[in-house]
2 protein chains.
Amino acid sequence: MPTIKDVALKAGVSVTTVSRVLNNRGYLSEKLKKKVLQAMDELNYRPNELARSLSRSRSNIIGLIIPSVAHPFFGELTGYIEEHAYRNGCKLLLCNSRQDKHKELEYIDMLRASRVDGIIMGSHTLEVEAYQQMNLPLVTFDRQISPGIPYVCSDNYQGGVLATTLLIEKGCRQLAHIGGHPGLNILSGLRFEAFAATAGAHNIPYTLLHTDHNSFDVEAYERLLAQLFHEQPGTDGIFAGSDIIAAYALKACREHGRRVPEDMRIVGYDGIALRSMLGPALSTIRQPIEAMGKLAVELIIRQIHGGPVSPQYVLPVELEEGATT
Amino acid sequence: MPTIKDVALKAGVSVTTVSRVLNNRGYLSEKLKKKVLQAMDELNYRPNELARSLSRSRSNIIGLIIPSVAHPFFGELTGYIEEHAYRNGCKLLLCNSRQDKHKELEYIDMLRASRVDGIIMGSHTLEVEAYQQMNLPLVTFDRQISPGIPYVCSDNYQGGVLATTLLIEKGCRQLAHIGGHPGLNILSGLRFEAFAATAGAHNIPYTLLHTDHNSFDVEAYERLLAQLFHEQPGTDGIFAGSDIIAAYALKACREHGRRVPEDMRIVGYDGIALRSMLGPALSTIRQPIEAMGKLAVELIIRQIHGGPVSPQYVLPVELEEGATT
DNA sequence: TTGTACGCGTTATCAC
DNA sequence: GTGATAACGCGTACAA
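Small disclaimer: the values here were computed from a predicted structure and weren't measured. (Residues numbered from 1 in each chain as written. Chains lettered and ligands numbered in written order. Predicted model: local features only at pLDDT ≥ 70, side-chain atom pairs only at ≥ 80, totals over all residues. Heavy atoms only, no water.)

The next subject is the domain arrangement of chain A. A common measure of how large an interface is: the accessible area buried when the components associate. Domain parsing of chain A yields domain 1 (4-47), domain 2 (61-154 + 289-314) and domain 3 (156-287). Using C-alpha coordinates to define each centre, domain 1 of chain A is positioned 37 Å away from domain 2 of chain A. (Domains from an automatic or database assignment.)

Bringing the UniProt feature "domain: HTH lacI-type" (unreviewed entry) in chain A into the picture now. Look at the UniProt record and you will see "domain: HTH lacI-type" (unreviewed entry) annotated at residues 2-56 of chain A. The distance separating the terminal C-alpha atoms of residues 2-56 of chain A is 21 Å; by composition the span is 71% helix and 0% strand. (UniProt positions renumbered as here; feature names shortened; annotations may be inferred. Helix = DSSP H or I, 4+ residues; strand = E, 2+ residues; numbered from the N terminus.)

All names here are of chain B. Pairing is mixed in the open sheet, where six strands are placed in the order E7-E6-E8-E9-E10-E12. Two strands in the sheet have a free side with no partner beyond their single neighbour: strand E7 (206-210) and strand E12 (318-320). Pairwise comparison of adjacent strand axes, ignoring direction, gives a mean angle of 15 degrees for this sheet. Each of strand E6 (175-179), E7, strand E8 (237-240) and strand E9 (265-270) is contacted by helix H9 (residues 189-201), which is oriented at about 170 degrees to E7, the strand it contacts most. (Pairing = 2+ DSSP bridges. Axes fitted to C-alpha atoms, helices over the stretch in contact; angles between N-to-C directions. Contact = heavy atoms within 4.5 Å.)

The next subject is the UniProt feature "domain: HTH cro/C1-type" (unreviewed entry) in chain A. UniProt records the feature "domain: HTH cro/C1-type" (unreviewed entry) at residues 3-50 of chain A, using the numbering of this structure. The straight-line gap between the two end C-alpha atoms of residues 3-50 of chain A is 12 Å; of that span, 69% is helix and 0% is strand.

Below, the discussion takes up the protein's contact with DNA strand C. Of all residues adjacent to DNA strand C, which total 26 residues, the nearest are Thr16(A), Thr17(A), Ile4(B), Tyr45(B) and Ser55(B). Looking at DNA strand C alone, sugar and phosphate atoms form 69% of those within 4 Å of the protein. Between DNA strand C and Thr17(A) there is a distance of 2.5 Å, counted from a phosphate oxygen to a side-chain nitrogen or oxygen. Taking Tyr45(B), its side chain carries an N or O atom lying 2.6 Å from a phosphate oxygen of DNA strand C. Counting residues per element, the ones that place at least two in the surface near DNA strand C are helix H2 (15-23) and helix H4 (49-56) of chain A together with helix H2 (15-23) and helix H4 (49-56) of chain B. (Near = heavy atom within 4 Å. Polar contact = N/O pair within 3.5 Å; in protein donor to acceptor, adjacent residues only side chain to side chain.)

Once chain B is rotated about the relating axis by 180 degrees and shifted along it by 0.0 Å, it coincides with chain A to within an RMSD of 0.1 Å. Put plainly, the chains are arranged around a two-fold axis. Among all C-alpha atoms of chain B, that of Leu93(B) lies closest to the rotation axis, at 2.4 Å. When the interface residues of chain B are mapped onto chain A, 100% of them again lie at the interface, so the same face is used by both copies. (Least-squares fit on C-alpha atoms with pLDDT ≥ 70 in both.)

All right, on to the interface of chain B and chain A then. With 51 residues of chain B at the contact, the number on the chain A side is 51 residues. Carbon and sulfur atoms make up 62% of the area that chain B and chain A hide from each other, which totals about 4900 Å². When residues of chain B are sorted by the area they lose upon contact with chain A, Leu50(B), Tyr86(B) and Met277(B) head the list and together hold 16% of the total. For the interface between chain B and chain A, the tally reads four salt bridges. One salt bridge in this structure joins Arg98(B) and Glu83(A), with 3.9 Å as the shortest N-O distance. Elements that contribute at least two residues to the side of chain B that touches chain A include exactly H4, helix H5 (72-87), strand E2 (91-96), helix H6 (101-113) and helix H11 (243-255) of chain B. (Buried area = accessible area lost by both parts, 1.4 Å probe. Salt bridge = Lys/Arg side-chain N within 4 Å of Asp/Glu carboxyl O.)

This next bit is on the environment of Ala249(A). All names here are of chain A. One can find Ala 249 in helix H11 (residues 243-255). With 159 residues separating them in the primary sequence, Ala 249 and Cys 90 have C-alpha atoms 39 Å apart. Leaving out residues up to four positions away in the same chain, Ala 249 has contacts with Leu 225, Ile 238 and Ile 266.

For the rest of this paragraph, the subject is the protein's contact with DNA strand D. Taken together, the neighbourhood of DNA strand D is formed by 24 residues, with Ile4(A), Tyr45(A), Ser55(A), Thr17(B) and Ser29(B) sitting nearest. Within 4 Å of the protein, atoms of DNA strand D come from sugar and phosphate in 69% of cases. At 2.9 Å, a backbone N or O of Asn48(A) approaches a phosphate oxygen of DNA strand D. Of all the secondary structure elements, the ones that give two or more residues to the surface near DNA strand D are H2 and H4 of chain A together with H2 and H4 of chain B. At four residues, H2(A) tops the list of elements feeding residues into the surface near DNA strand D. Grouping the constituent residues of the surface near DNA strand D by class yields 10 nonpolar, 11 polar and three charged. (Nonpolar A, V, L, I, M, F, W, Y, C, P; charged D, E, K, R; others polar.)

Have a look at this one:
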């Protein structure tokens, strides 16, 4: 691979001049510029980003830690994050934590060692201090760490209200919520807080079911659903914590002979693109996934440039009614 | 951030010594080793991977170019690739090409500039020369470039035979295949070659439908399905090019009042984990997705070490019968 | 307007 | 066993 030296030699100038045309810095005659550009072209020269990064102590790499890209929501989100990172001249280093504290810690370490310019945390299983200590631009999804670390989320509470209200308006008399484990300041917990509050306000009885770990565990969902049908057979409305869970609820209904929406109404959360492949159109609370991904990237970049960021960014959700309510 | 110099200073040794304990190279007394390790610990020192990479001209980064992580198959595959890259001490740089030649070229350029140790190509829209010219460990999925560039794929032909045979054995009299565009030496084209050959051998009439671009285009699938129902109403068996397409076929059947499997039998391809969220269990040809991801990483690493690699790696598929046949 | 020389943090090649 | 010192490829004061 040719280096800047080779280019300088071929163009008959110094490396400084080459570096200048590379970065459009300082004044330089058109003539030399042409010559240098031509030399670059002939050698098919590409500046070594490693050396560049080392020299400017800036890598243009953003780290992304999520539970798993295989989960449709995170897959979609990751796609948007990558797209917008790319548009801003940044590369994306992908890390799947599987919601494992140990793995997450190792990934953070690795990312710091790799001198990434910032980290977008879609998975955050550690204690607050772990994030505060590392002196790096950070953004989280759905988790509040400290005022200095901005978080991006959809309006979880409003989403919970919308979903629950819809179920009640449709005539549901006994509700259930199924979701992941609500711990660690996870803001998605607001969804079922809103659910409980709204149901309570209407004097509608409800059940709360959640998995142990906040991971993507199909079997856990199926177990919870079986449990629900068994222990609360009167349930006629489900607010699912994600569209995936809603899909399994739909499937469970079919297997248990419950008609949707006649016997059971279902509302999901997320609004993933894949929901369109389900049989009936799923009613759901749509998060602005692309906007969230884009914003996360922008917040990292803004922090890199020392720009101001707010502690929180709550994006609006939208109720999308389908055929399951 | 502390550097190796700071550690050396604190431990009262030279940077060479620190580097030695860092890499377990050469002989060094236990005493100094302890001291250095302690200094590292106290400073919370992490070696700068950028400098390391520059010095050894080896970054331990693998580039991955795929159409889109948002597509379930690639999302799942990416998850496995990341996992195995990580296990081998490599990081993963993610690139979504959207099957865009221009973007793919830019990504390749960027990855080369970033001095990645190799590239796994899940998307490959360029001409053969483009890949041959770059002197870098490469692995492709489902595309044959040249003997020096190994490719990983499932046994597409066998998969096509299994799927088609199943449909015929179940009594289908008129078949259809729906898939992506078969061009550019894409080996997945073998699926419908096998389909056509098998159907032909049994004197079963069939239709071939495929999208223009090999991308993940929901609307195109729905359009093709509508077209199929309209133009070939007698079709009673569909071999879909992916589980996603199969899911839309299933949905279309429901919308057109066709019962599955009574009126229409459907077989998918891929065996993505998400298929379990569909209503009825989908019959499909299961690719060993994890094995494919793992193998791709290993092949890159083997090439880095100058190890021998075969030109092709065809992994076995498995017919999984569900409720749609 | 252009070139020299040094620094970025590590590794590797020599000496001691 | 341990320590200077020159690469690795590039950016950038500073000098010319």
